[in-house]
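# Structure assessment
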Amino acid sequence: MAKAHVYNRDHINTDEIIPARYLNTDDEQELARHCLEDLDEGFVDKVSEGDVIVGGEDFGCGSSREHAVWAIRGAKVQTVIAKTFARIFYRNAINCGFYLIEAPEALDHINDGDEVEINYEAGYVKNKTTGAEVKFKPLPDFAVEIINDGGLLEHIVKGTTD
Amino acid sequence: MSMTITEKILAKAAGKESVTAGELVDACIDVVMCHDVTTPPAISMLVEKGLDKVFDKDKIVVTPDHFQPAKDVKSAELHRRLDLWARRHEITHYYKVGRAGVCHALLPEQGHIRPGEVIVGGDSHTCTYGAFAAFSTGVGSTDLAAAIATGKLWFKIPASVKLVLNGSLGPGVYSKDVILAIIARIGTDGALYEAMEFVGPALSEMTMEARMTMTNMAIEAGAKNGIIAFDDTTKQYLDEHLPVSLRGAKSRRAGKAISSTGTSEIAAPAGGGLAMTGGYTVYESDADAEYAKVEEFDCSALEPMVALPHLPSGGVPIGECAGGQMDQAYIGSCTNGRIEDLRIAAKILKGKEVAVRTIVVPATPTIWKQAKDEGLFDIFYDAGCVISAPTCGACLGGFMGVLAEGEKCVSTTNRNFVGRMGSPKSEVYLASPATAAASAVEGKLTDPRKYL
Ligand code: SF4
């Protein structure tokens, strides 16, 4: 069951997702232990595998540290749903094969703690707690291709060996 | 077809006649910037995927900066991974500690940035280099790895926003105040995914150092890149910093004053990548190029600005926040740690004593030496400041001035996010070197104009 962790705020930045004091390592498990630490100290204790994070506009703004995506992925979060994403965070996620969902209406229909189910192909999030459905535009084809290959480097390796 | 300067550079890099905003291209990279936080993971990925190669050992510039000299065992390990890799691949431009400096100050200073080029770096403030009429953007570790191995990356051509800087800056008002005012108006996502193109008379009067302060913060408005057209000031800086073989501009407009809204078309040379072959190419936006937005700013009316916590868009004129008590002043970083910034701060600190702890961080070894030779260190010492080795240090809450819970710092850096310089319960106030220095003297946010 995917639980939604909702942060009804814009500009949740990379310093809040993974503070720079932990950037002396790139170990995903270690980063995961500090995921969202400066935004919600209790996050790592309440998140379970497959859960989703829901945010407002400009999610992931700030630094280019891919560590932000790794911390979220390392915490076994399935995806992040936001109104909009900051550019480098968005690109980093695609490059590491991590699907992001841009859904401008998500915050209107998903409350903290709700159970959600995501249909990536059809492009909607179903809120199983309230019955509401939120549509989103699936990622562009080239991004899906990179994600399906497992990330940009795998995509490059595949391209050169095919 | 008419294009913006950003579109022209990316079209050239993609080997195309023209491109339009929104189009996806594969572009050739001229310079890849590597530092100690995002490059070690990129190296590990490459090794793991069996792609441990570099596309061109002359086009990769490596400098540890964030935690250098190493602040703890873990960062020492990052440096060691970077060092072993740079030596294994015989990277030509590898700046070891002693020559290493804050990346975005170091690369232009050492002549690695040329107009018309495509530059990527594993750091969000890589957009700084756009001050040299280049396309330059920050990427994460996976993109960085791909760029290192292949010399290419995919890009979506950004739409451009034109920021017209009218008038002329008054005394005590600097380019930092301009960019803080711009971000206060358009917001931290005011140019999301877009190119911020700066033009106008106020810009022509700015030095390259001052221009870099503005392009540096383009990312704080969400932009993909910031860019400024080539003019005499650019040319003069390049003449002083590029190796002799790379100085000439391959454009018939080179060496002449070019109005930043000028209409000249400059032909792209066949084959793209000019890097290391001598010279550079100057591109300009066409007069009828398309912009998503045009914003005008009256720089004459501008006051010193301070961005209040916790967003770079929190800028207010100093008059609205003067008097706020501070615990620390920080003068440094890729935004304002250049020699011009240290001179501005020193002028205000001369013969005075600071009321709060004040940390001065020259951004590169050359700047450090210049500041020492010019006697600025004596001024800082006499005023009671501490002078650090070149490093990113406390700008990102690393070391050398990290804040405790409840502390407030006036800082010449570029981000004031929650926890950016230390405790999540500390506060960062972004300002110019002049405002930071005046505030250091009084121990509270202070209008620098009273000390001019
Ligand atoms: S000085 Fe600060 S903003 Fe600039 S590169 Fe270093 S950490 Fe980043």
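Residues numbered from 1 in each chain as written. Chains lettered and ligands numbered in written order. Predicted model: local features only at pLDDT ≥ 70, side-chain atom pairs only at ≥ 80, totals over all residues. Heavy atoms only, no water.

Counting secondary structure elements, chain B contains 14 helices and 18 strands. Relative to the 2.2 N^0.38 estimate, which gives 22 Å for 452 residues, the radius of gyration of chain B is 21 Å and therefore close to what a compact globule would have. Within chain B, the fraction of its 452 residues that count as buried is 65%. Of the contacts formed within chain B by residues at least 6 apart in sequence, a portion of 76% connects residues at least 24 apart. Across chain B, the mean location of the 45 positive side-chain charges is 4 Å away from that of the 53 negative side-chain charges. (Helix = DSSP H or I, 4+ residues; strand = E, 2+ residues; numbered from the N terminus. Rg over C-alpha atoms; globule rule 2.2 N^0.38 Å. Buried < 20%, exposed > 50% of the residue type's maximum accessible area, 1.4 Å probe, protein only. Contact = heavy atoms within 4.5 Å. Lys, Arg positive; Asp, Glu negative; His and termini not counted. Charge placed at Lys NZ, Arg CZ, Asp CG, Glu CD.)

Let us now look at the pairing of strand S17 (residues 408-411) of chain B. Residues and elements named next belong to chain B. Sheet analysis places strand S14 (residues 328-331) next to S17, joined by three bridges and oriented parallel. Residue pairing in the sheet places Gln-328 in a bridge with Cys-409 of S17. For S17 and strand S18 (residues 427-430), the ladder comprises four bridges, and the chain directions are parallel. Bridge pairing in S18 links Lys-408 to Glu-427. (Pairing = 2+ DSSP bridges.)

Let's shift gears to the sheet that holds strand S8 (residues 160-166) of chain B. All names here are of chain B. With parallel pairing, four strands are arranged side by side in an open sheet as S10-S9-S8-S11. Edge positions in the sheet fall to strand S10 (225-228) and strand S11 (293-298), since each has one partner strand and no second. If you compare each strand with its neighbour and ignore which way they point, the axes differ by 20° on average. Alignment of strand S9 (residues 195-199) against S10, held across four bridges, turns out to be parallel. By the bridge assignment for S10, Glu-197 is matched with Ile-227. Sheet contacts for helix H1 (residues 5-13): S8, S9 and S10; angle to S10, the most-contacted strand, approximately 105°. (Axes fitted to C-alpha atoms, helices over the stretch in contact; angles between N-to-C directions.)

That bond from B:Gln68 to B:Pro69 is cis: its omega, -10°, falls within 30 degrees of zero. Positionally, B:Pro69 belongs in the loop between strand S3 (60-62) and helix H3 (73-88). Following B:Pro309, the chain continues into B:His310 via a peptide bond in cis, with omega recorded as 5°. Of note, the phi angle at A:Asp58 is positive, near 60°, even though the residue is not glycine. With respect to the helices and strands, A:Asp58 occurs in the loop between strand S2 (52-55) and helix H4 (67-74). The phi dihedral of B:Ser333 falls on the positive side, at around 85°, and the residue is not glycine. Within the element layout of this structure, B:Ser333 appears in helix H10 (residues 333-336).

With that settled, consider the domain arrangement of chain B. Residue and element names in this part refer to chain B. When the domains of chain B are assigned, the result is domain 1 (5-18 + 25-156 + 236-282), domain 2 (159-229 + 288-300) and domain 3 (305-451). Contact with domain 1, which involves 22 residues of that partner, is made by 20 residues of domain 2. Around 1,800 Å² of area is buried between domain 1 and domain 2 when both sides are counted, 61% of it from carbon and sulfur atoms. Taken together, domain 1 and domain 2 are joined by zero salt bridges. Here the residues of the side of domain 1 that touches domain 2 sort into eleven nonpolar, ten polar and one charged. (Domains from an automatic or database assignment. Buried area = accessible area lost by both parts, 1.4 Å probe. Salt bridge = Lys/Arg side-chain N within 4 Å of Asp/Glu carboxyl O. Nonpolar A, V, L, I, M, F, W, Y, C, P; charged D, E, K, R; others polar.)

What follows is about the packing of aromatic side chains. Inspection of the entire model under this criterion finds eleven aromatic pairs over all chains. Their ring planes at 35° and their centres at 6.2 Å tell us that A:Phe85 and A:Tyr90 sit as a pair that is tilted. A residue is classified by how much of its surface remains accessible, and A:Tyr90, at 19% relative accessible area, is buried. An aromatic cluster of at least three residues, connected via ring pairs, comprises A:Phe59, A:Phe85, A:Phe89, A:Tyr90 and B:Tyr193. The positively charged end of B:Lys71 is found above the aromatic ring belonging to B:Phe67, 5.3 Å away from the centroid. (Phe/Tyr/Trp six-rings, centres within 6.5 Å; stacked < 30°, edge-to-face > 60°. Lys NZ or Arg CZ within 6 Å of the ring centre and 35° of its normal.)

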